[in-house]
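# A look at the structure
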Amino acid sequence: MSTRYEEPNRVARAGNAVIRWLAELGVSIAGTRALRVRGRKSGKPRAVVINLLTIDGVDYLVSPRGNTQWARNVRAAGVVEVGPRWRRKRLTATEVEDAAKPPVLKRYLDRWYWQVKGYVAGLTPDSTEDEFRAGAPSIPVFVLGAR
């Protein structure tokens, strides 16, 4: 596990807060969803907006900024809630092994590179398999399952 963390600046945090608020109301912008997870230190629910990637009916959470607070909380809790306030789904979250991440990362970047290009460990949708394997340890990926 890498300790890389691309911390968002003030403008990005403000924008994410607005998009999270909309996602919690059920308004998705380019595939955004509201994610709630129990804080590993405080035990309080923490909310963040994420891009939920679905591949062949399986949902994935990808943390392009690296080992973020929400990724550490998901790792510790193992359970998340996804969706708007009135229709949240409680799901298990299991971290994906580095060797299995490249195809997930490729699909994620195919869809959201325009949004995450400044902080995704130097990867692009056109990166080689070797580049994806090299970048995989610094990008947490979780597979979601029924609880």
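Scroll up to find the structure this text is about.
The structure reproduced in this document is the subject of the present report. (Residues numbered from 1 in each chain as written. Predicted model: local features only at pLDDT ≥ 70, side-chain atom pairs only at ≥ 80, totals over all residues. Heavy atoms only, no water.)

## Examining the overall build of the protein chain
In terms of helices and strands, the protein chain carries 4 helices and 6 strands. When its helices and strands are written in sequence order, the protein chain yields α-β-β-β-α-β-β-α-α-β. For the protein chain, the residues scored as buried account for 41% of the 147 residues in total. Once local pairs closer than 6 in sequence are excluded, the contacts in the protein chain between residues at least 24 apart make up 65%. For the protein chain, the exposed surface amounts to about 8100 Å²; the carbon and sulfur share of it is 51%. (Helix = DSSP H or I, 4+ residues; strand = E, 2+ residues; numbered from the N terminus. Buried < 20%, exposed > 50% of the residue type's maximum accessible area, 1.4 Å probe, protein only. Contact = heavy atoms within 4.5 Å. Areas by Shrake-Rupley, 256 points an atom, 1.4 Å probe, with all protein chains shown as cover.)

## So, a positive patch on the surface
On the surface, a cluster of positive charge is made up of Arg-33, Arg-87, Lys-89 and Arg-111. Looking at the secondary structure, you find Lys-89 in strand 5 (residues 89-95). For Lys-89, a relative accessible area of 55% translates into the label exposed. (Patch = residues over 30% accessible without salt bridge, like charges linked within 9 Å, V, L, I, M, F, W, Y side chains within 5 Å. Salt bridge = Lys/Arg side-chain N within 4 Å of Asp/Glu carboxyl O. Lys, Arg positive; Asp, Glu negative; His and termini not counted. Charge placed at Lys NZ, Arg CZ, Asp CG, Glu CD.)

## Re the sheet that holds strand 4 (residues 79-82)
The strand order 1-2-3-6-5-4 describes a closed barrel built from 6 strands, whose pairing is antiparallel. Pairs of neighbouring strands in the sheet enclose a mean axial angle of 45°, with direction left out of account. Of the pairings in the sheet, the one linking strand 1 (residues 32-38) to strand 2 (residues 45-55) comprises 7 bridges and is antiparallel in character. Across the sheet, residue Arg-33 finds its bridge partner in strand 2, namely Ile-50. (Pairing = 2+ DSSP bridges. Axes fitted to C-alpha atoms, helices over the stretch in contact; angles between N-to-C directions.)

## Brief notes about the packing of aromatic side chains
Applying the stated criterion across every chain yields a total of 2 aromatic pairs. Here Arg-65 stacks its cationic end above the ring of Tyr-119, 3.7 Å away from the centre of that ring. (Phe/Tyr/Trp six-rings, centres within 6.5 Å; stacked < 30°, edge-to-face > 60°. Lys NZ or Arg CZ within 6 Å of the ring centre and 35° of its normal.)

## Observations concerning the environment of Arg-111
With respect to the helices, strands and loops of the structure, Arg-111 is situated in helix 3 (residues 101-116). In this structure Arg-111 comes out as partly exposed when scored by relative accessible area, which is 43%. For the pair Arg-111 and Gly-31, spaced 80 residues apart in sequence, the C-alpha separation works out to 9.4 Å.

## Considering helix 2 (residues 69-77)
Those residues of helix 2 that fall on the buried side of the exposure criterion are Trp-70, Ala-71, Asn-73, Val-74 and Ala-77. Viewed end-on, helix 2 has its buried residues packed into an arc of 160°, placing them on one side of the element. Among the structural elements, strand 1, strand 2, strand 3 (58-62), strand 4, strand 5 and strand 6 (141-146) are those in contact with the buried residues of helix 2. Gly-78 sits one or two residues past helix 2 and shows a positive phi near 75°. (Arc of directions from axis to C-beta.)

## As for unusual backbone geometry
Of note, the phi angle at Asp-56 is positive, near 50°, even though the residue is not glycine. Along the chain, the position of Asp-56 falls in the loop between strand 2 and strand 3. In this structure, Ala-121 is a non-glycine residue whose phi angle is positive, near 60°. Structurally, the position occupied by Ala-121 is in the loop between helix 3 and helix 4 (129-135). Note on Ala-121: relative accessible area 34%, which makes it partly exposed.

These figures come from the coordinates and say nothing about function on their own.
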